[in-house]
Amino acid sequence: MYDRVKGFRDFYPEEMAARRWAMDTIEDVATRYGFREIETPALEPTQMYTDKSGEEIVEELYSFEDKGGRSVALTPELTPTVARMFVEKQQALSKPVKWVSTRPFWRYEQVQQGRFREFYQTNVDIFGSSDPAADAEVLAVAVDMLTDLGLTSEDFEIRVSHRDILAGLLDSFDAEVDTREAIRAVDKRSKVDREAYLDALVEAGLSYGQADSFDEMLQSGEDELDSLADITGSEAVAEATQNLRAVLDAAADFGVRDHLTLSLTTARGLDYYTGVVFECFDSTGEVSRSVFGGGRYDDLIEGFGGQPTPAVGFAPGHATLQLLCQRAGVWPEEGLSTDYYVLQVGETRATAARIARDLREKGHVVETDVADRSFGAQMGYADGINAETVVIVGEQDLENDEVTLKEMDEGEQISVPVDDFPGEYDRPTFQDFADE
C-alpha cells in the first residue's frame, strides 16, 4: 500500500465530473472572447526562473538535473513560458495575441486552504495592446467566468489597483525607498498585523511617520483618487490615475464595472506587474485567501529577449474557485451521470450494441454490459452510475420485436418496438412512447 505524495491529489470520477464542468465553463467564456488555446510543456530550464526571481526561487521549485545533465524544473507558473513562446514567434504573430491554457503547475510550498503542491490554473493573456480596453476585457472575462459558474456580485469582489500609483506615492516621500520591497509589504498587508506591516515598510526605507502617511493614502476611495496627484505633486501618479480611470470606464462599457472595487491596498507581490492589477476575493471572507489575481506586465516580453510588448492577463486557480463555488452553493453535486444503460439478457449483444451506438450518435452518455453479469447485477450497476433510463434488451422481448424502456426515478416502464428505438426522438423517454 502506497501513500499519496503530500500536496498532490487524486480526483475520482464523481469529483472530476464537477471539476470538468468548471473547467469547461471558464474555458467557454475565454473562447467566446476570442482567446485561442495553447499547450505548453511541463518542464522548462531552471534558469528561466532564477534569472527572473533569483536563486532563492529554487527552494520553491521541483527542480532536478535530467539525464542530459540539464537543470530543469516543473513549471511553477505559465507567464514565463508564454513569454518565451511569444518571443520565439513574435514577428509572425498577428497582434494582439490572445491565449488561454488550462494545465497543472507545481510548487514546493506549504500546503494550506486552496493551495497544493500540484495545482491547476486557467491562464488568460493578451499580448500587444496597451489600450485600457485590453485590461477591461481581461476583467470582463474574469467576471463572466465567475457569473457563468453561477456566482453573483454578492459572492465575490474584484479589487482593482495600479502599481504605478503605489510606486509614485512611494517616490513622493523624501526617503530612499526600495519600491519593490515596499509593494511586497503592501501585498502582505492583510496577512500580518499592523505593527509587522509598518515594520516592513520601514525596512523598505520609509520612516514610521511616512509609513503611516503612505498607508493613509492607500485608503483613498474613488472620489479621492484624483487628489493623490495633487497631494504628492507626482506626474507619475497623475498618469497612473488617468490610466486606472480609463480602465474602469472601459469596464463599464463591457458591463462589469459594478463588480469592481477600487482598492489601492491591492498590490500583487510579483515583481513583473507594471500597471493595473486586481485580485478576486470571497465577499464573505470564508475563503481566506485570494481566489485569483492578475494585471498588466508590460516589461516581461522584453525581459525574455523580445521586442517591447505590452501584456495583461490573469490566472484563476481551480482549487480556490472550487472553494468559492462550494461556499456560495453553486458547485454541482459530485456524482456520476449517465443518460442510458442498455441492459442485456441472454444472447442479445448485437441488438444491444446497435441501440447503444444509435443513442451515442445522438450525443448521449451510454453504458452497456461488458462483464456478462446477471439481470440483477446490471440493474444494480445502472443504479450505481445514476442511469436515468434503462433499455432492457432481452431474448423474450426480441421474440416480440420489442425492448423495454424503464425510467429509474419513477420506476415506470413500457415496451416499445425495437425497430423504432431510439427512432426519431433525440432523447427518447417513457413519456414519448406512452403518448403515442
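Note: the structure precedes this text.
Note that the structure is predicted; figures quoted are calculated from it, not measured.

What to know about the overall build of the protein
In step 1: Counting secondary structure elements, the protein contains 16 helices and 16 strands.
In step 2: Against the globule reference of 22 Å for 436 residues, the protein gives a C-alpha radius of gyration of 28 Å, more extended than a compact globule.
In step 3: C-alpha extents for the protein along the principal axes are approximately 95 × 55 × 45 Å.
In step 4: Residues classed as buried in the protein amount to 49% of the 436 residues present.
In step 5: Taking the contacts inside the protein whose residues are at least 6 apart along the sequence as the reference set, 68% of them involve residues at least 24 apart.

A word on the packing of helix 1 (residues 13-32) against helix 4 (residues 132-148)
Working note: a packed helix pair is described by the angle between its axes plus the distance between those axes.
In step 1: The contact between helix 1 and helix 4 brings their axes to 9 Å, and the two run at 140°. Judged on the interaxial angle alone, helix 4 and helix 1 are oblique. Seen from above, helix 1 lies across helix 4 with right-handed handedness. Contact residues: Thr25, Ile26, Val29, Ala30 and Arg32 in helix 1; Val141, Asp144, Met145 and Asp148 in helix 4.
In step 2: Residues of the contact of helix 1 with helix 4, tallied by class, amount to five nonpolar, one polar and three charged.

Some remarks on the pairing of strand 11 (residues 311-314)
In step 1: Here strand 11 shows no split at all, with Ala311 and Gly313 on one side and Val312 and Phe314 on the other all buried.
In step 2: Relative to strand 11, strand 10 (residues 292-296) runs antiparallel, the two sharing three bridges. Bridge assignment links Gly295 to a residue of strand 11, and that residue is Gly313.

Focus: the environment of Gln90
In step 1: Within the fold, Gln90 resides in the loop between helix 3 (79-88) and strand 5 (97-106).
In step 2: Between the C-alpha atom of Gln90 and that of Ala175, which follows or precedes it by 85 residues, the distance is 40 Å.
In step 3: When neighbours within four sequence positions are excluded, Gln90 is seen to be in contact with Lys95, Ile301, Gly306, Gln307 and Thr309.
In step 4: A distance of 3.0 Å separates a polar atom in the side chain of Gln90 from the backbone nitrogen of Gln307.
In step 5: Among the polar contacts made by the side chain of Gln90, one reaches the side chain of Thr309 at a distance of 2.7 Å.

Let's talk about the sheet that holds strand 2 (residues 43-45)
In step 1: The three strands lie next to each other as 2-4-3, forming an open sheet whose pairing is antiparallel. A strand with exactly one partner marks an edge of an open sheet, and here the two such strands are strand 2 and strand 3 (63-65). Mean inter-strand twist for the sheet, computed between neighbouring axes without regard to direction, equals 35°.
In step 2: Pairing of strand 2 with strand 4 (residues 71-74) involves three bridges; the strand directions are antiparallel. Bridging from a neighbouring strand, Glu44 pairs with Ala73 of strand 4.

Points about the pattern of salt bridges
In step 1: Tallying each qualifying case throughout the model produces 26 salt bridges.
In step 2: For Arg159, the salt bridge identified is with Glu157, shortest N-O distance 3.2 Å.
In step 3: Among the salt bridges present, the one from Arg194 reaches Asp212, with a minimum N-O distance of 2.8 Å. Within this pair, whereas Arg194 is found in helix 7 (residues 194-203), its partner Asp212 is found in helix 8 (residues 208-218), the two being separated by 18 residues in sequence.
In step 4: Judged by its relative accessible area of 41%, Arg194 is partly exposed.
In step 5: Its relative accessible area of 36% is what places Asp212 among the partly exposed residues.

A look at the side chain of Ser161
In step 1: With respect to the helices and strands, the residue Ser161 is situated in strand 7 (residues 156-162).
In step 2: Using a relative accessible area of 1% as the deciding quantity, one classes Ser161 as buried.
In step 3: Polar contacts involving the side chain of Ser161 include one to the main-chain carbonyl oxygen of Thr266, which spans 3.0 Å.
In step 4: Apart from residues no more than four positions distant in its own chain, Ser161 is found in contact with Leu166, Leu244, Ser263, Leu264, Thr266, Gly275, Val276 and Val277.

So, the state of the cysteines
In step 1: The tally for this structure, following the rule as stated, stands at zero disulfides.
In step 2: Of all cysteine sulfurs, the one in Cys325 lies closest to Cys280, which takes part in no disulfide; the gap is 9.9 Å.

A few points about the packing of helix 7 against helix 8
In step 1: In the contact formed by helix 7 and helix 8, the axes pass within 9 Å of each other and the chain directions differ by 110°. Between helix 7 and helix 8, the interaxial angle falls into the category roughly perpendicular. Crossing of helix 7 over helix 8 shows right-handed handedness. For the pair formed by helix 7 and helix 8, the contact residues are Arg194, Tyr197, Leu198, Asp199, Leu201 and Val202 on the first element and Tyr208, Ala211, Asp212, Phe214, Asp215 and Leu218 on the second.
In step 2: A breakdown of the residues in the contact of helix 7 with helix 8 according to their chemical character gives eight nonpolar, no polar and four charged.

Focus on the side chain of Asp135
In step 1: Locating Asp135 in the fold gives a position in helix 4.
In step 2: According to the relative accessible area criterion, Asp135 is buried, its value standing at 3%.
In step 3: A distance of 2.7 Å separates a polar atom in the side chain of Asp135 from a polar atom in the side chain of Arg296.
In step 4: Apart from the residues within four sequence positions on either side, Asp135 is in contact with Val247, Val276, Arg296 and Val312.

Some points on unusual backbone geometry
In step 1: Omega for the peptide link from Lys95 to Pro96 comes to -5°, which places this bond in the cis form.
In step 2: For Pro96, the location among the structural elements is in the loop between helix 3 and strand 5.
In step 3: A cis amide bond links Phe421 with the next residue in sequence, Pro422, at an omega value of 0°.
In step 4: The topology assignment puts Pro422 in the loop between strand 16 (413-417) and helix 16 (430-434).

Some details on the pairing of strand 9 (residues 276-282)
In step 1: The element strand 9 is extensively covered by neighbouring structure, given that seven of its seven residues are classed as buried.
In step 2: Of the two faces of strand 9, the one holding Val276, Phe278, Cys280 and Asp282 and the one holding Val277, Glu279 and Phe281 are both buried throughout.
In step 3: Note that strand 7 and strand 9 share seven bridges and pair antiparallel. For Arg159, the partnering residue across the bridge sits in strand 9 and is Glu279.
In step 4: Note that strand 9 and strand 10 share four bridges and pair antiparallel. By the bridge assignment for strand 10, Cys280 is matched with Phe292.

Basis of the calculations
Residues numbered from 1 in each chain as written. Predicted model: local features only at pLDDT ≥ 70, side-chain atom pairs only at ≥ 80, totals over all residues. Heavy atoms only, no water. Helix = DSSP H or I, 4+ residues; strand = E, 2+ residues; numbered from the N terminus. Rg over C-alpha atoms; globule rule 2.2 N^0.38 Å. Buried < 20%, exposed > 50% of the residue type's maximum accessible area, 1.4 Å probe, protein only. Contact = heavy atoms within 4.5 Å. Axes fitted to C-alpha atoms, helices over the stretch in contact; angles between N-to-C directions. Parallel < 35°, antiparallel > 145°, perpendicular 65-115°, else oblique. Left-handed = near helix turned anticlockwise from the far one by under 90°. Nonpolar A, V, L, I, M, F, W, Y, C, P; charged D, E, K, R; others polar. Pairing = 2+ DSSP bridges. Polar contact = N/O pair within 3.5 Å; in protein donor to acceptor, adjacent residues only side chain to side chain. Salt bridge = Lys/Arg side-chain N within 4 Å of Asp/Glu carboxyl O. Disulfide = S-S within 2.5 Å.

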